[in-house]
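Per-entry structural report
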Amino acid sequence: MKYFICLSALLFSFCLSAQQALTICDIQGTGLQTPYDGELVITSGVVTADFSASNELRGFFIQDDQCDLGRPGSKGLFVFTGSTPLPVEVGDSITIAGEVTEFFNLTELTDITGIQVLASNVDFEVYSIELPLARRTGLENFENMMVRFEQELFVTDHFNLARFGELRLSSGGVRPIPTQLIDPNDMDPSGVSTSGNSNVNAVKVQEEVNNNNYIVLDDGSTVSNPRPIPYLNPTTGTLTAGSSVENVEGVLSYSFDEYRLHPLEEVSFELVPRAEIIQFTGEAPRTISLCAFNVLNYFTTLGEWGAQSQGELERQTDKIVSALTTINADVFGLMEIENNGDEAYNNLLLALNESLGSEVYRVLNNESPGNFRTKNVIFYNSNTVEPVGP
């Protein structure tokens, strides 16, 4: 199959001849940024992944396995199509004309003026990457290329999963926070210092080890708060840290200061079961359950640190209330509640008690400390505990 689309009112020949012909390797160069930023070019490659939908990346990826600069460098390019997807399919061999752009450190082709499909169902290479990396910038040599991690990787961070549909995967298990293992105050592990910085360099070394041992697994989407949330166990609705996946494959992109792997097929995890929930039982005096809970900037003042709209605030409130009622602690220490008198915490307290059908929880007498935008608040179950003292 051969066809050509000229995306301007000019003649077919001008669409091709008005730009310099470069390979993808030329365009990418060997540094972190393209040497041809802002220039009009013609290049060729095979379409490896298509994320052109309006709720996706709004473009597709091409790869030229034949180009070679004689030294490390990427063979892939992202073609940004915006709101006007181009008629291409994975496996199409194409020649395409447009402007090279370094978009927040992602090399891409934009403002497309013409595209010619030369053949279909063309094979392309999938390149192997292994964690840990010698250095993180080494991933630049695979930017916009189809890659596979031929190893077992573990979920080491899912903080942004519900918000942006992304995970961090690492080799060798869940990566520890450096100060979980290393005391910044003591070079001697048995030391008892609580101040000082005699061992900060060891913390920084472990931090660098962690930085070279993860990849962001993304969902090829630009949607915030995706529904359904990707990668969750369909039975339990969860994905526990430590769950693993082997030979994960996709196209490697870059955005928001991270290299991101966008898979083309469903990713299947070997799931780690959730830790057993301890049931508190026994006669009086009974065990009291305490829970520290970060509500992640619970603000009733919209458009600032927390929710940007009333709908977002309602969703945040519902999620927190669902978690608090499930945990069912006697005392909750809540962090990052807006420091605006009693407005924010009362909003949450009312929603919590409404879900329980009565005034189960109360707030410990709480002043508004200082001028910082957030504060800590204590809720307690008035049926099981009571305040003592002033």
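The preceding data block contains the structure.
We now turn to the structure provided with this report.

Side note on the layout of surface pockets
If you add up the space inside the second largest pocket, you get close to 730 Å³. Lining the second largest pocket we find 25 residues, and of these Leu57, Phe103, Thr222, Ser255 and Phe256 sit closest to its centre. Residue assignment for the lining of the second largest pocket shows that the elements contributing at least two residues are strand S5 (76-80), strand S7 (106-119), strand S12 (244-255) and strand S13 (258-262). The residue makeup of the lining of the second largest pocket, split by class, is 11 nonpolar, 7 polar and 7 charged.

Section: the packing of aromatic side chains
In the structure shown here, the tally under the stated rule is 8 aromatic pairs. Consider the rings of Tyr254 and Tyr259, whose centres lie 4.7 Å apart with planes at 65°: the pair is edge-to-face. The burial state of Tyr254 is the same as that of Tyr259; both residues are buried. Site record: aromatic cluster; members linked through ring pairs are Phe51, Phe61 and Phe78.

Points about the nonpolar core
Residues Phe149, Leu169, Ile215, Leu217, Val248 and Phe269 are the most contacted members of the largest nonpolar core, which totals 33 residues. The set of elements that each furnish at least two residues to this core consists of strand S3 (40-51), strand S8 (127-129), strand S9 (146-157), strand S10 (167-171), strand S11 (215-217), S12 and S13. Look past the residues within four positions of Leu217 in its chain and what remains in contact with it is Gly165, Glu166, Leu167, Leu169, Tyr231, Val248, Leu261, Pro263, Val267 and Phe269. Membership of the second largest hydrophobic core comes to 23 residues, among which are Tyr298, Ala329, Phe332 and Leu334.

Description of empty space enclosed by the protein
Counted by the stated rule, this structure contains 1 cavity of 30 Å³ or more. Estimates place the volume of the largest cavity at around 30 Å³. What lines the largest cavity is Gln28, Gly29, Thr30, Gly31, Gly73, Ser74, Glu140 and Asn141. Along the lines of polarity and charge, the residues of the lining of the largest cavity split into no nonpolar, 7 polar and 1 charged.

What to know about the side chain of Asp64
Tracing the sequence through the fold places Asp64 in the loop between strand S4 (59-63) and S5. We note that Asp64 is buried and unpaired, the nearest opposite charge coming from Lys75 at a distance of 7.0 Å. Ignoring any residue separated from it by four or fewer positions in sequence, one finds Asp64 in contact with Thr23, Ile24, Ser44 and Lys75.

Notes on the pattern of salt bridges
Here the structure, examined in full by the defined rule, presents 9 salt bridges. Between Arg373 and Glu304 there is a salt bridge whose closest N-O contact spans 2.3 Å. Of this pair, Arg373 sits in the loop between strand S16 (361-363) and strand S17 (374-381) while Glu304 sits in the loop between strand S14 (290-298) and helix H6 (310-327), and the two are 69 residues apart along the sequence. Residue Glu304 is classed as partly exposed on the basis of its relative accessible area, which comes to 34%. In this structure, the salt-bridge partner of Arg362 is Glu359, at a minimum N-O distance of 3.7 Å. Owing to a relative accessible area of 52%, Glu359 belongs among the exposed residues under this scheme. Shared partners join several salt bridges into a network, and the residues in it are Arg136, Arg168 and Glu258.

Brief notes about the pairing of S3
The element S3 is largely enclosed, with a buried count of 9 among its 12 residues. The sheet contact formed by strand S2 (residues 20-21) and S3 spans 2 bridges and is parallel. Bridged to Ala21 within S3 is Ile42. Direction of pairing for S3 relative to strand S6 (residues 93-103): antiparallel, over a ladder of 7 bridges. Within the sheet, the bridge partner assigned to Ser44 lies in S6 and is Thr95.

Notes on the pairing of S13
For S13, the buried fraction is high: 5 of the 5 residues fall into the buried class. Side chains Glu258, Arg260 and His262 of S13 all project onto a buried face; the interleaved residues Tyr259 and Leu261 project onto the opposite face, where all are buried too. Sheet analysis places S11 next to S13, joined by 2 bridges and oriented parallel. Paired with Leu217 across the two strands is Leu261, which belongs to S13. Examined bridge by bridge, S12 and S13 share 5 bridges and lie antiparallel to one another. The residue of S13 that forms the bridge with Val251 is His262. Between the antiparallel neighbours S12 and S13 lie 2 residues, among them Phe256 with a positive phi of about 50°.

Let's talk about the sheet that holds S17
The strand order S14-S15-S17-S16 describes an open sheet built from 4 strands, whose pairing is mixed. A single partner strand is all that each edge strand has here, and the edge strands are S14 and S16. Averaged over all neighbouring strand pairs, the angle between strand axes comes to 25°, with direction disregarded. Relative to S17, strand S15 (residues 331-338) is paired through 6 bridges, and the arrangement is antiparallel. In the strand pairing of S17, Glu338 is matched with Thr374. Against the sheet, H6 touches S14 and S15, its axis set at about 175° to S14. Seen against the sheet, helix H7 (residues 343-356) touches S14, S15, S16 and S17 and runs at an angle of roughly 170° to S16.

Parameters at a glance
Residues numbered from 1 in each chain as written. Predicted model: local features only at pLDDT ≥ 70, side-chain atom pairs only at ≥ 80, totals over all residues. Heavy atoms only, no water. 1 Å grid on protein atoms, 1.4 Å probe; cavity = no way out; pocket = protein on both sides within 12 Å on 5 of 7 lines; lining within 4 Å. Points joined across faces, edges and corners; volume = space filled by probe spheres on them. Helix = DSSP H or I, 4+ residues; strand = E, 2+ residues; numbered from the N terminus. Nonpolar A, V, L, I, M, F, W, Y, C, P; charged D, E, K, R; others polar. Phe/Tyr/Trp six-rings, centres within 6.5 Å; stacked < 30°, edge-to-face > 60°. Buried < 20%, exposed > 50% of the residue type's maximum accessible area, 1.4 Å probe, protein only. Core = buried A, V, L, I, M, F, W, Y, C linked by side-chain atoms within 4.5 Å. Contact = heavy atoms within 4.5 Å. Lys, Arg positive; Asp, Glu negative; His and termini not counted. Salt bridge = Lys/Arg side-chain N within 4 Å of Asp/Glu carboxyl O. Pairing = 2+ DSSP bridges. Axes fitted to C-alpha atoms, helices over the stretch in contact; angles between N-to-C directions.

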